[in-house]
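The primary structure of each chain is shown beneath.
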Amino acid sequence: MSTSDTNTSANEMYTLRVNGRDCDVQDAWIGESLLYVLRERLGLPGSKGACEQGECGSCTVIMDGSAVCSCLVLAASATGSDIHTVEGLSPDGSLTDVQSAFLEAGGVQCGFCTPGFIVAVHHLLEEIPDPSEEAIREALSGNICRCTGYGRILEAVQIVAAQRRGTV
Amino acid sequence: MVEVNLHGRALSTVISLRQVTELREWQYRPTISRLTIGAGVPYAQMESGEIARLVPALSQAARTVGSPQIRAAGTLGGNLGTCSPAGDGLPVLAALDAIIHVIGPDGARDIEWADFMVGVKKNSLLPGEFVHSVSLPVLEGWQGYAKVGTRNAMVIATASACLVRDSDEGLVTVALGAVGPTVIRCRQAEKWLASTIDLRHGAALDADIANEFGRRVRLEALPIDDHRSTAEYRRHAVGVLATRLLVRSFA
């Protein structure tokens, strides 16, 4: 590998499948993360960029059925994958039950971590509809909140689980 | 990607392995009692299920990796490529004398764990080579992994240890992470233990031996002071982990 062919040009073209739709990406630089492409090229700024190193979870998306940090996915490598962002949880823009519960429980302060949490919680409840507190904590251990102290976030998840069980 | 995102790492040619399904497969061969795991198998797949049943220490280590999001993406290939002494999977590979299967321009070769990690973030891959898979023995007997960090998740090891008890052979192996320029196999402590007590099924372990084992493990650690911890604490911690894992192996 010669260093003289370092790629700084922006001429990549590829297609990503996001929220059920094929999205063309044009004139991209090869090194762009999925987070960058979602926010800056595909008009999907719901996923947030905070740490850009996979430590905070604010960029969480679902990719091929798993919650991943989109800041650590090379966008150009994600062709052929099925990607779902926070925007895709409610195509018509209305609040999901998880989002409503976060508001009801007071689990949103600055709101920056919230999209990442919403995606992670939706994913958790699909895998484990009736999670124990420990399971909730483990599932959300990749999402950091600097405002709420997590208590109300935990409550929000428990509210939704109970609602879905029909035991509220 | 962290280097690209944060440090502006320049990229030349990028080859994505995401769709090379062979790297994401694993296979158990009962006739030779070996488990082969592709370099691209995510840690999430090692946390439970068949891999966890076959190599429990690996599942325990996998569960300590980062977060669910990181476990969905992180792999043994990644741990091996980076070769950080704190890599969560590496003490397990060391304690089990894993074999690293490598492919390069001159063909395939096998590298024994002891020859693979040669320094901090230094492995013995030659230019053009990549890790294809790792194979591990599937053993009878207890094995476990323990990690000390500043919080319960999303944390790099301050100190870590893997202990494997091979009941058939009457051996214990113990490997330490984050306390040296490489992952450290405590071969002196292992030899001492094997010569001191009967390590096959049914033997009993007394507290003095367990503590002496921890003391001897401490002697083989090579920890440093850094922004995360001190050499003194790390040395203390690995002794505690080794004793604790040994006691659990006899419980």
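Residues numbered from 1 in each chain as written. Chains lettered and ligands numbered in written order. Predicted model: local features only at pLDDT ≥ 70, side-chain atom pairs only at ≥ 80, totals over all residues. Heavy atoms only, no water.

Trainee: So what exactly am I meant to see when it comes to the overall build of chain A here?
Mentor: When its secondary structure is counted, chain A shows 5 helices and 5 strands. For chain A, the α and β elements follow one another from N to C terminus as β-β-α-β-β-β-α-α-α-α. What you see for chain A is a C-alpha radius of gyration of 17 Å, in line with the 15 Å of a compact globule of 168 residues. With the principal axes as the frame, chain A shows a C-alpha extent of 60 × 30 × 25 Å. Taking all 168 residues of chain A together, 48% fall into the buried category. (Helix = DSSP H or I, 4+ residues; strand = E, 2+ residues; numbered from the N terminus. Rg over C-alpha atoms; globule rule 2.2 N^0.38 Å. Buried < 20%, exposed > 50% of the residue type's maximum accessible area, 1.4 Å probe, protein only.)

Trainee: Help me out: how do you make sense of the packing of helix H2 (residues 97-105) of chain A against helix H3 (residues 114-127) of chain A in this one?
Mentor: Relative orientation and spacing of two packed helices are given, respectively, by the angle between their axes and the distance between those axes. Residues and elements named next belong to chain A. For the pair H2 and H3, the least separation of the axes is 10 Å and the interaxial angle reads 125°. If you check the angle between H2 and H3, you find them oblique. The crossing of H2 and H3 is right-handed. For the pair H2 and H3, contact is made by Asp97, Val98, Gln99 and Phe102 and by Thr114, Phe117, Ile118, Val121, His122 and Leu125, respectively. Of the residues contributing to the contact of H2 with H3, the split by class is 6 nonpolar, 3 polar and 1 charged. (Axes fitted to C-alpha atoms, helices over the stretch in contact; angles between N-to-C directions. Parallel < 35°, antiparallel > 145°, perpendicular 65-115°, else oblique. Left-handed = near helix turned anticlockwise from the far one by under 90°. Contact = heavy atoms within 4.5 Å. Nonpolar A, V, L, I, M, F, W, Y, C, P; charged D, E, K, R; others polar.)

Trainee: Explanation requested: a nonpolar patch on the surface in the structure shown.
Mentor: The grouping of Ile15, Leu17 and Val20 of chain B at the surface amounts to a nonpolar patch, some 280 Å² of accessible area in total. Secondary-structure assignment places Ile15 of chain B in the loop between helix H1 (2-7) and strand E1 (26-29). (Patch = residues over 30% accessible without salt bridge, like charges linked within 9 Å, V, L, I, M, F, W, Y side chains within 5 Å. Areas by Shrake-Rupley, 256 points an atom, 1.4 Å probe, with all protein chains shown as cover. Salt bridge = Lys/Arg side-chain N within 4 Å of Asp/Glu carboxyl O.)

Trainee: Is there a simple way to think about the packing of H3 of chain A against helix H5 (residues 151-165) of chain A in this case?
Mentor: All names here are of chain A. Packing of H3 against H5 brings their axes to within 11 Å, and their N-to-C directions diverge by 40°. Relative to H5, H3 is oriented oblique. Viewed along their axes, H3 and H5 form a crossing whose handedness is right-handed. Facing H3, whose interface residues are Phe117, Val121, His122, Leu124 and Leu125, H5 presents Ile153, Val157, Val160, Ala161 and Arg164. Classifying every residue of the contact of H3 with H5 gives 8 nonpolar, 1 polar and 1 charged.

Trainee: I would appreciate a short explanation of the side chain of Ser135 of chain B in the present structure.
Mentor: Residues and elements named next belong to chain B. Mapping Ser135 onto the fold places it in strand E7 (residues 130-137). Since its relative accessible area comes to 4%, Ser135 is described here as buried. Separated by 2.9 Å, the side chains of Ser135 and His101 make a polar contact. Ser135 has contacts with Arg34, Leu35, Thr36, Ala98, Ile99 and His101, leaving out every residue within four places of it along the chain. (Polar contact = N/O pair within 3.5 Å; in protein donor to acceptor, adjacent residues only side chain to side chain.)

Trainee: Would you explain the interface of chain B and chain A in this entry?
Mentor: How large an interface is tends to be reported as the accessible area lost when its parts come together. Counting from both sides, the interface comprises 23 residues of chain B and, opposite them, 36 residues of chain A. Interface of chain B and chain A: buried area, both sides summed, is about 2200 Å²; carbon and sulfur atoms make up 61% of it. It is Met1, Arg18 and Gln69 of chain B in chain B that bury the most area against chain A; as a group they hold 28% of the surface buried on that side. Residue Arg71 of chain B pairs with Glu138 of chain A through a salt bridge whose shortest N-O separation is 3.1 Å. Sorting the residues of the side of chain B that touches chain A by element identifies H1 and helix H4 (68-71) of chain B as the ones contributing at least two each. Taken together, the residues of the side of chain B that touches chain A sort by class into 12 nonpolar, 7 polar and 4 charged. (Buried area = accessible area lost by both parts, 1.4 Å probe.)

Trainee: Just checking my understanding: could you explain the sheet that holds strand E2 (residues 34-38) of chain B for this structure?
Mentor: Remark on secondary structure: sheet strands pair via backbone hydrogen bonds, oriented parallel or antiparallel. Residue and element names in this part refer to chain B. With respect to topology, 5 strands assemble into an open sheet ordered E1-E2-E7-E3-E4, the strand pairing being antiparallel. Across the chains shown, the open sheet's two edge strands, defined by having one partner strand only, are E1 and strand E4 (107-112). Each strand axis lies, on average, 20° off the axis of its neighbour in the sheet, ignoring direction. When E2 meets E7, the two strands line up antiparallel, connected through 5 bridges. Residue pairing in the sheet places Thr36 in a bridge with Ser135 of E7. (Pairing = 2+ DSSP bridges.)

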